[in-house]
Amino acid sequence: MSPLRIAQVAPLFESVPPKLYGGTERVVSYLTEELVRQGHEVTLFASGDSITQAKLIAPCERALRLDDRVVDHMSRHILMLELLARRASAFDIVHSHIDYLPFPVYRRLSIPTVTTLHGRLDLPELADIFAEFSDAPVVSISMSQRQPLPQAHWVGNVDHGLPDDLYTFHPKAGEYLAFLGRISPEKRVDSAISLAIAENLPLKISAKIDQVDATYFETVIKPMLDHPLIEFLGEIGDSEKDGFLGNALALLFPIDWPEPFGLVMVEALACGTPILARCRGSVPEIMESGTTGFVYETEAEGQSALRNIRAIDRRACRKAFEQRFTARIMAQNYLEIYRALLESPPNA
């Protein structure tokens, strides 16, 4: 098949790939680089500090989270959409990752567009948006993510993928538990701490603290960090994740919200590290309880699962990653969606 001219439109809050935390921007990077590797002509709309083999068009110099000079973040996204619209004729298809923001613009383009929805969809205001823009093709990242908006124009469901050589397989289980992500009430790091202490296992926490969660961290989580089994590392980048996850006994993922995907679960599987996760959102779609870890509901069930975590075959975890969650598979799945949309009338 002939190469496609593809525009990838990324959020501007983080660079592509992000320097530290940033799930959506990381996925956009993996997808973009894999599409380039496969011979497609890709233009990436992202912050100017992004690193890519694609052609980069940047409406801002730096990731907005790291640039105190930019007060109005929305202004940079609006500028990006204008830069995209001016160049629309140069693309076969536009693939967006900035939620519903560009829908009014995309409706007026003469080429196909598709949007991957990366966030939670159970917010009440979204029903009106997707009722108005019922013609906007969208892709989910898990089937559970779709549940609040069955009326949306779903054209596919695509698992996130990682480069198959990004993380190395660690066949030997470590002696500590790992928590990787963000400090917030719905991520339940407090539950991870309680589980580790109950089972007398060390827990290493690598997590970002957003300003909105600063009070929660100071009042709820920080007092729990004094326990000798608990170690708080702060934010880490991609280069540190391999060792952090690969040398762990297990990843703790005790979420208490409808997680749309949970990229950290795939990162753990790529290292061969099993997962202990509360059954919310995408969790039962990403991992297989009893094979790549355990799904639990109550704290007692979580403690029981931790006692059996060494029985999980770390090779089975890596195999699950290789069979479902590589960047190559992700790109192939998106290319099927692109070509299907190209065979249909624009905005049909």
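Each remark here, short or long, concerns the structure printed above.
Residues numbered from 1 in each chain as written. Predicted model: local features only at pLDDT ≥ 70, side-chain atom pairs only at ≥ 80, totals over all residues. Heavy atoms only, no water.

Chemist: Could you give me a rundown of the packing of helix α8 (residues 263-271) against helix α11 (residues 314-324), with the residues and numbers involved?
Modeler: Closest axis-to-axis distance for the α8/α11 pair is 6 Å, and the angle between their directions is 120°. Relative to α11, the element α8 lies oblique. Our pair here, α8 against α11, has a crossing hand that is left-handed. Side by side, α8 and α11 meet where Val266, Leu269, Ala270 and Cys271 of the first sit next to Arg314, Cys317, Arg318 and Phe321 of the second. Residues of the contact of α8 with α11, tallied by class, amount to six nonpolar, no polar and two charged. (Axes fitted to C-alpha atoms, helices over the stretch in contact; angles between N-to-C directions. Helix = DSSP H or I, 4+ residues; strand = E, 2+ residues; numbered from the N terminus. Parallel < 35°, antiparallel > 145°, perpendicular 65-115°, else oblique. Left-handed = near helix turned anticlockwise from the far one by under 90°. Contact = heavy atoms within 4.5 Å. Nonpolar A, V, L, I, M, F, W, Y, C, P; charged D, E, K, R; others polar.)

Chemist: Could you give me a rundown of the pairing of strand β2 (residues 41-45), with the residues and numbers involved?
Modeler: For β2, the buried fraction is high: four of the five residues fall into the buried class. Pairing of strand β1 (residues 5-9) with β2 involves five bridges; the strand directions are parallel. In the sheet register, Arg5 faces β2, and the bridge partner there is Glu41. Here three bridges tie β2 to strand β3 (residues 55-57), and the two strands are oriented parallel to one another. Across the sheet, Leu44 pairs through a bridge with Leu56, a residue of β3. (Buried < 20%, exposed > 50% of the residue type's maximum accessible area, 1.4 Å probe, protein only. Pairing = 2+ DSSP bridges.)

Chemist: Break down the sheet that holds strand β9 (residues 203-208) for me, with residues and values.
Modeler: The strand order β10-β9-β8-β11-β12-β13 describes an open sheet built from six strands, whose pairing is parallel. Among the strands making up the open sheet, the edge pair consists of β10 (230-234) and β13 (293-296). Between one strand axis and the next, the sheet turns through 20° on average, direction left out of account. Across the sheet, α8 is in contact with β8 (177-182), β11 (250-253) and β12 (275-278); its angle to β11 comes to roughly 170°.

Chemist: Quick one: what's the story with the sheet that holds β2, residue by residue and with numbers?
Modeler: Here seven strands make up an open sheet; going across it, the order is β3-β2-β1-β4-β5-β6-β7 and the pairing parallel. Pairing within the sheet leaves two strands with one partner each, and these edge strands are β3 and β7 (153-157). Strand after strand, the sheet turns through a mean of 25° between neighbouring axes, direction not considered. With four bridges connecting them, β1 and strand β4 (residues 93-96) associate as parallel partners. Paired with Gln8 across the bridge in β4 is His95. Across the sheet, helix α1 (residues 23-37) is in contact with β1, β2 and β4; its angle to β2 comes to roughly 155°.

Chemist: Go over the pattern of salt bridges with me, naming the residues and quoting the values.
Modeler: Two side chains bearing opposite charge may form a pair once their charged atoms approach each other closely. Summed over the entire model, instances satisfying the criterion amount to 26 salt bridges. A salt bridge links Glu14 to Lys208, with the shortest nitrogen-to-oxygen separation between them at 3.9 Å. Of this pair, Glu14 sits in the loop between β1 and α1 while Lys208 is found in strand β9, placing the two residues 194 residues apart along the sequence. The same class applies to Glu14 as to Lys208, namely buried. The structure contains a network of salt bridges with shared partners spanning Glu14, Arg65, Lys208, Asp210 and Glu235. (Salt bridge = Lys/Arg side-chain N within 4 Å of Asp/Glu carboxyl O.)

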